Amino acid sequence: MIVRFQGGRIALAAAMADAVDMDVSGGMVGAVAPPSRTVPDRIVDLKGGWLLPGFIDTQVNGGGGVLFNDHVDVDSIAAIGAAHARFGTTSFLPTLISDTPARIADALDAVDAAIERGVPGVVGIHVEGPFISEAKRGIHEAQRIRALDADMLALLSRPRLGKVMLTLAPELCRPEDVAALTERSVIVAAGHSNAAYDVAQATIAAGLRGFTHLFNAMSPLHHRKPGMVGAAFDSDCYCGLIVDDVHLHPAVVRLAIRAKGADRIMLVTDAMPSVGTRDGEFTLQGKRIEVRDGICRFEDGTLAGSHLDMASAVRNTAAITGMPLPAVAAMASATPANFLGLEATHGSIAAGQRADWVWLDADLQPRGTWIGGIEVDTAASLAA
């Protein structure tokens, strides 16, 4: 199938283009070339907008009215993915916040089953906790926090069909545990942690690859106590940012990108079930969370994830930083692809890559999403 995109700006891996023909087969891009005289199978007029690589979100708690913790099954994963696909997310990690060992096991199996059945977009799982600091737990329940023991190491290390990302607090594990997980292809990130700089650095040396929602729920940067944030800046690790005008001040977003570079900053949503719906509230492990003015909060004021989608994260970041849109979009595509080890097939528009694309209009609102060359119906999101 030949798809011709024209009438806008197309962010190819190597250059920008105004029009291209893309040869798509089996969900992959076989070739990208200037428009030829051959009549394509489909023409898409971008109407002055942008065609960008599909967005990759490593932290998706829910969407479309579904919370992963409550529904660890294939249909629910598909519903979450469909809700976020309307906003340009073409790959995602369903994210389980701190829960019981049995629930973690069920979630791991459910994601395997979703991948096996070909659920669009799901490329693995993010297990966020329960091996975290009580002092920095945020909305996570204190009674679920536990040590990372041999049984959990074995469970998390089993071979899986997709990627396994684990967020933990460095002060609650041993560097050799991180090394063991890394050797078994688990992607370990630090978050919900009160660790000192030296402790975090020891974990980085053992194989820590990233920092989950940088600045939020972690020991801050101080000029005599660099903490987790200082360790993140003083390393080559990847860092996630929730750019929703709530979790981070705009100046902090700019500082983080300048300090780390766009090739180490990943835009994430930390999305909750409200994304893709008009729901004004939801329940999170027995707690009523109110969604007001696009902010998800518990009654005591604690932030409970976000109401953010990836298209909005890209739009917000572009407005805050003034960076060229392709550079901003890379933080939502190429950088997370590299973090997950998927760069050979995900994260850019080029031959040999997945046919995963998002069309944003001139105002950077989502107008179309393709996963494996198949267009997703965006009507529901545009009407929401």
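Above this note sits the structure.
Conventions we followed
Residues numbered from 1 in each chain as written. Predicted model: local features only at pLDDT ≥ 70, side-chain atom pairs only at ≥ 80, totals over all residues. Heavy atoms only, no water. Helix = DSSP H or I, 4+ residues; strand = E, 2+ residues; numbered from the N terminus. Polar contact = N/O pair within 3.5 Å; in protein donor to acceptor, adjacent residues only side chain to side chain. Contact = heavy atoms within 4.5 Å. Salt bridge = Lys/Arg side-chain N within 4 Å of Asp/Glu carboxyl O. Buried < 20%, exposed > 50% of the residue type's maximum accessible area, 1.4 Å probe, protein only. Axes fitted to C-alpha atoms, helices over the stretch in contact; angles between N-to-C directions. Parallel < 35°, antiparallel > 145°, perpendicular 65-115°, else oblique. Nonpolar A, V, L, I, M, F, W, Y, C, P; charged D, E, K, R; others polar.

**Description of the side chain of Gln201**
In this fold, Gln201 is placed in helix H5 (residues 197-206). Side-chain polar atoms of Gln201 contact the backbone oxygen of Asp234, separated by 3.3 Å. Beyond its immediate stretch of four places on either side in the chain, Gln201 contacts Ala231 and Asp234.

**What to know about the pattern of salt bridges**
Charged atoms that come close allow side chains of opposite charge to pair. Counted according to the given criterion, the structure contains 17 salt bridges. Between Arg9 and Asp18 there is a salt bridge, with the nearest N and O atoms lying 2.6 Å from each other. Of the residues examined, Arg9 reaches a relative accessible area of 33% and is grouped as partly exposed. Given a relative accessible area of 47%, Asp18 falls into the partly exposed group.

**Overview of the packing of helix H7 (residues 250-260) against helix H8 (residues 310-321)**
The N-to-C vectors of H7 and H8 enclose an angle of 85°; their axes lie 9 Å apart at closest approach. Here H7 is positioned roughly perpendicular relative to H8, judged by the angle of their axes. Every residue of H8 that contacts H7 at Pro250, Val253, Arg254 and Ile257 is listed here: Thr317, Ile320 and Thr321. Grouping the amino acids of the contact of H7 with H8 by side-chain chemistry returns four nonpolar, two polar and one charged.

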